[in-house]
Amino acid sequence: MGHTLVIVESPTKARTIRGFLPKDFKVEASMGHVRDLPNNASEIPAAHKGEKWANLGVNTASNFEPLYVVPKDKKKVVKELKDALKGADRLLLATDEDREGESISWHLLQLLSPKVPVKRMVFHEITQEAIGRALNQTRELDMELVHAQETRRILDRLVGYTLSPLLWKKVAWGLSAGRVQSVAVRLLVQRERARRAFRSGSYWDLKARLEQPGGGFEAKLSQLGGVKIAGGSDFDETTGALKAGSKVRLLAEAEARQLQQAVQQAPWRVAEVEAKPSVRKPVPPFTTSTLQQEANRKLRLSARETMRAAQGLYERGFITYMRTDSVHLSDQAINAARSCVAAKYGKEYLSPAARQFTTKARNAQEAHEAIRPAGDSFRDPAATGLDGRDLALYELIWKRTVASQMAEARLTMLAVELQVDCGALGLASFRASGKRIDFAGFFRAYVEGSDDPDAALEGQEVLLPSLKVGDSPACKEVEALGHQTQPPARYSEAALVKMLEKEGIGRPSTYASIIGTIVDRGYATLQNNALMPSFTAFAVTALLEEHFPDLVDTSFTARMENSLDEISHGKVAWLPYLESFYKGENGLETQVAQREGDIDPGASRTVELEGLPCVVRIGRFGAYLEAKRVAEDGSEELLKATLPQEITPADLDADKAELILKQKADGPETLGEDPETGEQVYLLFGQYGPYVQRGQVSDANPKPKRASLPKGGKPEELSLEDAIALLRLPRLLGEHPDGGKLEAGLGRFGPFVVHHKGKGEKDYRSLKAEDDVLLVGLSRAIELLAMPKKGRGGRTALKDLGTPEGGEEAIQLFDGPYGLYVKQGKLNASLPEGTTADTISLEQAVELLAAKAASGKTATGKPKGRKPAAKKPAAAKPAAKKAPTTTKTGRLRASAVRVIKAADR
């Protein structure tokens, strides 16, 4: 008798599901997509090599027929799946139930050509009950979902592979454009433009500290002579002056000081007391978008990290499916949540009736539940056995789901108006606000934006003493406070995700990869949780705004998203839609062909910013300043100076530009002489930021000693002593108790301490933010080295298996999203089934790593020798100096198609 073959996407999902299926079921993993459009010229089948459209992967002249190929690294997987299908009497395609999952199942069906019955098996959580239900409720493949995914894929390819080569020619090699990516970049650039255009305004107000029997409280000046006192919202951000028509009173410092003296001497009187009852309802359970936002705010996880961790939790059976727009909860989930509330907080904290939520997001797509803990009873976070990032994310999901079934929080909002007669200055009105939590309700479990509900409750409550009209509280202190209005904040990942969802741009399930691509392509950097656009982003956005305005317009992109959703519901035909978008007089193909000749590369590579004595240009190795100057002989010459990567468009002002240009023209600035060598020590600015150098470059000294400033170090505050200390790194700290010397140094990944164990073996630890590489001592270094060493992604090793004979690096054991694995340097190898943390030996680990190395793949799973996509577009180079193969549509260079794969969204 044959078996039933079940195909899922990942080994982790396969392992989890296997435990819930009968013994005559065989579960295999497809390892994601098994077919896709060609990623480079080598993947194009011989029969299509000569076709003009082959690199594009879509035959635009023949009904937009896609050319699907099996990538080299998937050929072995496909063969294994075909072998597994032999002898099977039934095939169940159990990929995720969304467009992507439906598409993977369709591709599997096309490749495997099964002769046995085939069904789709779908579920939203991996539990015994859910898998049992899925087996009894199999269905046919949903071809409307498949068509919707295929249309989206083709559309993204047409946009990315038509516009990206144009950017290579007109701006810089290796750049990419994308249907959603380019709109997201423009949002970042628009915010940065607003920061540059921002003009700060200043205003003053008063804050008083008052005492009343029962306690003290604070009050702020709100009106003077019946006119509202100006605050930050009353200023025009582009002028720094009050908005036109504002009926407010702007206090200058002198007037504020005068008023400060007057209110301290005059009696105070309570003029009005207001107490308003208020309720707060719990927020809905998580969708993909809100999970990414909260994990970014609370846990400081990127969208990519959040989705990676959530994928692992789903595949191991801890949470329901993590790609969903729905806030709906099943009856099973509601009952489980209510049981948790009753057991953990008491029945008085339950909502009177089960609370259900409805989806309001534009273009809501998925038919799943919200993201919640899996099962008909929720595992308490402390009982899951999870740790680190996985535990933090599971706890966040658990709290939000449980809070959704809790009672409303009841509050009383308090407002008190106090008046002081200041004589000739007029009647001053002050306002004190308070908030009293009468019943915490769901606040006990979850407060949006806060890590600790108990601390959040404390922070939310602002108590006022008992006050009534006519009371005269005593004035203890009055401060005159000066304020400066602040520029609009840059987007955090959470804020960008929220904006994209609000505008109906893209799908929440793709936001992680879109933001990742923006950073990888050098369009933005992430600093202090803020996305800071680069000069390249400014140049590309300006080009697209001028020549292809629709493609970076939020409304146009949202309408495209609507059309794609209508295709998935069968309301719009996919082929006519693609025809109208790409072909015809107004189609993308014609637009690019017509406008390519009009675009001046020199202008496209120039970023003109107001108020600078120069222009910024995008060069092969990044952004640089260019200014005209008069030489000693009276001739005019161009002066060019590299811009440090850390300087952003909003931060570059005339003073910084002048400093960088002056250094280039006059040579580096000397800080003084190194007393040991007699050489001058210079402060210089390079592409990767400021650094110090001992001596000048010369034939006798082609590589003078250099050292970068530590992250956060300010060049203007650098002393000669600190510069010399940096140049003398690494510095000896002393001997380790176990033998071997300890040093502190500064490397490409920042400051560190290292233990030289002998025989070439070294143990490194990065310094923490509070440590100074120039001051860290022996005891602190020993303390840091005693901490568990963390691997990639911040994971802590479960155990150190030791260093193999003849090796330089130790082999460590980690637990990742796909199970246990061993790691030596950059090489990873998964443990075979049945091997545990207790049974794995050093010898076995050496064999596993040797086998992985022999397979020709690195730790990231990419075959050796294959060039990755360039992370820094300005420095990226083409694979060969072969003349580009182009047509009037800007056809891709075959040797470098891989550079813009990530532009497909």
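Residues numbered from 1 in each chain as written. Predicted model: local features only at pLDDT ≥ 70, side-chain atom pairs only at ≥ 80, totals over all residues. Heavy atoms only, no water.

Caption draft 1: Layout of the overall build of the protein chain. Within the protein chain, the secondary structure is distributed over 23 helices and 31 strands. With 905 residues in all, the protein chain has 50% of them scored as buried. Nonlocal contacts in the protein chain, meaning residues at least 24 apart in sequence, comprise 67% of its contacts between residues at least 6 apart. Carbon and sulfur atoms make up 49% of the accessible area of the protein chain, which amounts to about 42900 Å² in all. (Helix = DSSP H or I, 4+ residues; strand = E, 2+ residues; numbered from the N terminus. Buried < 20%, exposed > 50% of the residue type's maximum accessible area, 1.4 Å probe, protein only. Contact = heavy atoms within 4.5 Å. Areas by Shrake-Rupley, 256 points an atom, 1.4 Å probe, with all protein chains shown as cover.)

Caption draft 2: Local environment of helix α13 (residues 493-503). Among all positions of α13, only Glu493, Ala494, Leu496, Val497 and Leu500 are buried. The buried residues of α13 occupy an angular sector of 165° when the element is viewed end-on, so they sit on one face. What points out from α13, more than 90 degrees from its buried face, is the exposed set Lys498 and Lys502. On its buried side, α13 packs onto α6 (181-197), α8 (288-299), α9 (303-315), α14 (508-520), β14 (524-527) and β15 (530-533). Following α13 by one or two positions, Gly504 has its phi on the positive side, about 75°. (Arc of directions from axis to C-beta.)

Caption draft 3: Here's a closer look at the sheet that holds strand β6 (residues 118-120). The strand order across the open sheet built from 4 strands is β2-β1-β5-β6, with neighbouring strands paired in parallel fashion. Two strands close off the open sheet at either side, each with one partner strand: β2 (25-29) and β6. Averaged over all neighbouring strand pairs, the angle between strand axes comes to 25°, with direction disregarded. As defined by bridge partners, strand β1 (residues 3-8) adjoins strand β5 (residues 88-93) across 5 bridges and the pair is classed as parallel. Residue pairing across strands places His3 opposite Ala88, the latter belonging to β5. Set on the sheet, helix α3 (residues 99-112) makes contact with β1, β5 and β6; between it and β6 the angle comes to about 170°. (Pairing = 2+ DSSP bridges. Axes fitted to C-alpha atoms, helices over the stretch in contact; angles between N-to-C directions.)

Caption draft 4: Spotlight on unusual backbone geometry. Of note, the amide linkage connecting Leu729 to Pro730 takes the cis form, showing an omega dihedral of 0°. At Arg300, a position not held by glycine, the phi torsion is positive, near 60°. The residue Arg300 is located in the loop between α8 and α9 in this model. The phi torsion at Asn528 lies on the positive side, around 50°, for a residue other than glycine. For Asn528, the position within the fold is in the loop between β14 and β15.

Caption draft 5: The sheet that holds strand β27 (residues 761-766), seen in detail. Here 4 strands make up an open sheet; going across it, the order is β24-β25-β26-β27 and the pairing antiparallel. Lying at the two open borders of the sheet, with one neighbouring strand each, are β24 (731-735) and β27. For this sheet, the mean angle separating the axes of adjacent strands, direction not counted, is 30°. In the packing of helix α22 (residues 778-786) onto the sheet, the strands contacted are β24, β25 (741-747), β26 (750-758) and β27, and the crossing angle to β27 comes to about 100°.

Caption draft 6: Structural view of the nonpolar core. Membership of the largest hydrophobic core comes to 141 residues, with the highest contact counts inside it found for Leu163, Ile319 and Val616. In terms of residue count, the dominant contributor to this core is helix α5 (residues 143-170) (10 residues). Not counting residues up to four positions away in its chain, the partners in contact with Leu163 are Ala177, Leu544, Phe548, Leu551, Leu588 and Val592. Formed by 30 residues, the second largest nonpolar core is a distinct cluster that contains Trp204, Ala256, Ala266 and Cys422. (Core = buried A, V, L, I, M, F, W, Y, C linked by side-chain atoms within 4.5 Å.)

Caption draft 7: Structural view of the confidence of the model for the protein chain. Of the residues in the protein chain, 90% have a pLDDT of 70 or more, and the chain-wide mean is 86. Overall, residues 362-366 carries pLDDT values under 50, and its contacts beyond four positions in sequence, including any with other chains, amount to 22 contacts. (pLDDT = per-residue confidence, 0-100.)

Caption draft 8: Fine view of the packing of α8 against helix α11 (residues 388-403). Two elements in contact, α8 and α11, have axes whose closest approach is 11 Å; the angle formed by their N-to-C orientations is 120°. Between α8 and α11, the angle falls in the class oblique. In terms of crossing hand, the pair formed by α8 and α11 is right-handed. Listed contacts from α11 to Thr290, Leu291, Glu294, Ala295, Lys298 and Leu299 of α8 are Ala392, Leu393, Leu396, Ile397 and Arg400. Taken together, the residues of the contact of α8 with α11 break down into 7 nonpolar, 1 polar and 3 charged. (Parallel < 35°, antiparallel > 145°, perpendicular 65-115°, else oblique. Left-handed = near helix turned anticlockwise from the far one by under 90°. Nonpolar A, V, L, I, M, F, W, Y, C, P; charged D, E, K, R; others polar.)

Caption draft 9: Just the side chain of Gln212, in detail. The residue Gln212 is located in strand β7 (residues 202-212) in this model. The class for Gln212 is buried, based on a relative accessible area of 12%. At 3.2 Å, the side chain of Gln212 forms a polar contact with the side chain of Asp471. In this structure, Gln212 is in contact with Phe217, Pro465, Ser466, Leu467, Asp471, Ser472 and Pro473, ignoring residues within four places of it in sequence. (Polar contact = N/O pair within 3.5 Å; in protein donor to acceptor, adjacent residues only side chain to side chain.)

Caption draft 10: Summary view of helix α2 (residues 72-85). An ideal rise of 1.5 Å per residue puts 20 Å on 14 residues; α2 measures up with 21 Å between its terminal C-alpha atoms. Within the sequence span of α2, burial applies to Lys74, Val77, Val78, Leu81, Ala84 and Leu85. For α2, the angular spread of the buried residues around the axis is 120°, confining them to a single face. The exposed set on the far side of α2, more than 90 degrees from its buried face, consists of Lys72, Lys76 and Lys79. Next to the buried residues of α2 lie β1, β2, β5 and α3. Looking one or two residues beyond α2, the residue adopting positive phi is Gly87, at roughly 85°. (Expected span 1.5 Å × (residues − 1).)

Caption draft 11: Highlighting the environment of Pro508. Turning to its location among the elements, Pro508 is positioned in helix α14. Looking at Pro508, the relative accessible area reads 5%, which means it is buried. Along the backbone, Pro508 and Arg323 are 185 residues apart, and their C-alpha atoms lie at a distance of 7.7 Å.

Caption draft 12: Looking closely at the pairing of strand β18 (residues 622-630). Pairing of strand β17 (residues 615-619) with β18, which is carried by 5 bridges, proceeds in the antiparallel orientation. Of the residues in β18, the one forming a bridge with Arg617 is Tyr624. A loop of 2 residues connects β17 with β18, the two strands running antiparallel in sequence. As paired elements, β18 and strand β19 (residues 636-642) share 7 bridges and run antiparallel to each other. Along β19, the bridge assignment pairs Arg629 with Glu637. Where β18 folds back on β19, the antiparallel hairpin that results is connected by 5 residues, among which Gly634 adopts a positive phi of roughly 90°.

Caption draft 13: Spatial organisation of the pairing of strand β22 (residues 689-694). Among the 6 residues that make up β22, 6 are buried, leaving the element largely enclosed by the rest of the structure. Here 3 bridges tie β22 to strand β23 (residues 706-708), and the two strands are oriented antiparallel to one another. When the sheet's bridge partners are listed, Val692 is paired in β23 with Ala707.

Caption draft 14: Inspection of the packing of aromatic side chains at higher detail. Applying the stated criterion to the full structure yields 11 aromatic pairs. Plain terms: the ring middles of Phe752 and Tyr764 are 5.4 Å apart, the flat faces sit at 65° to each other, and that makes the pair edge-to-face. Within this pair, whereas Phe752 is found in strand β26, its partner Tyr764 is found in strand β27, the two being separated by 12 residues in sequence. For Tyr764, a relative accessible area of 37% gives the class partly exposed. It is Arg191 that lies over the ring of Tyr491; its NZ or CZ is 4.2 Å from the centre. (Phe/Tyr/Trp six-rings, centres within 6.5 Å; stacked < 30°, edge-to-face > 60°. Lys NZ or Arg CZ within 6 Å of the ring centre and 35° of its normal.)

Caption draft 15: Here's a closer look at the packing of α6 against α14. Two numbers describe how α6 lies on α14: the axes approach to 10 Å, and their chain directions differ by 65°. One finds that α6 runs roughly perpendicular with respect to α14. With respect to the hand of their crossing, α6 and α14 are arranged in right-handed fashion. Residues Gln181, Ala184, Val185 and Leu188 of α6 pack against Ile514, Thr517 and Ile518 of α14. Here the residues of the contact of α6 with α14 sort into 5 nonpolar, 2 polar and no charged.

Caption draft 16: Structural view of the pattern of salt bridges. Scanning all chains against the criterion turns up 46 salt bridges. Among the salt bridges present, the one from Glu596 reaches Lys169, with a minimum N-O distance of 2.8 Å. Note that Glu596 is positioned in the loop between α18 (588-595) and α19 (601-604) and Lys169 in helix α5, a separation of 427 residues in sequence. In this structure Lys169 comes out as partly exposed when scored by relative accessible area, which is 25%. Among the charged side chains, a salt-bridge network with shared partners connects Arg99, Arg152, Asp156, Arg179, Asp325, Arg507, Glu561 and Asp565. (Salt bridge = Lys/Arg side-chain N within 4 Å of Asp/Glu carboxyl O.)

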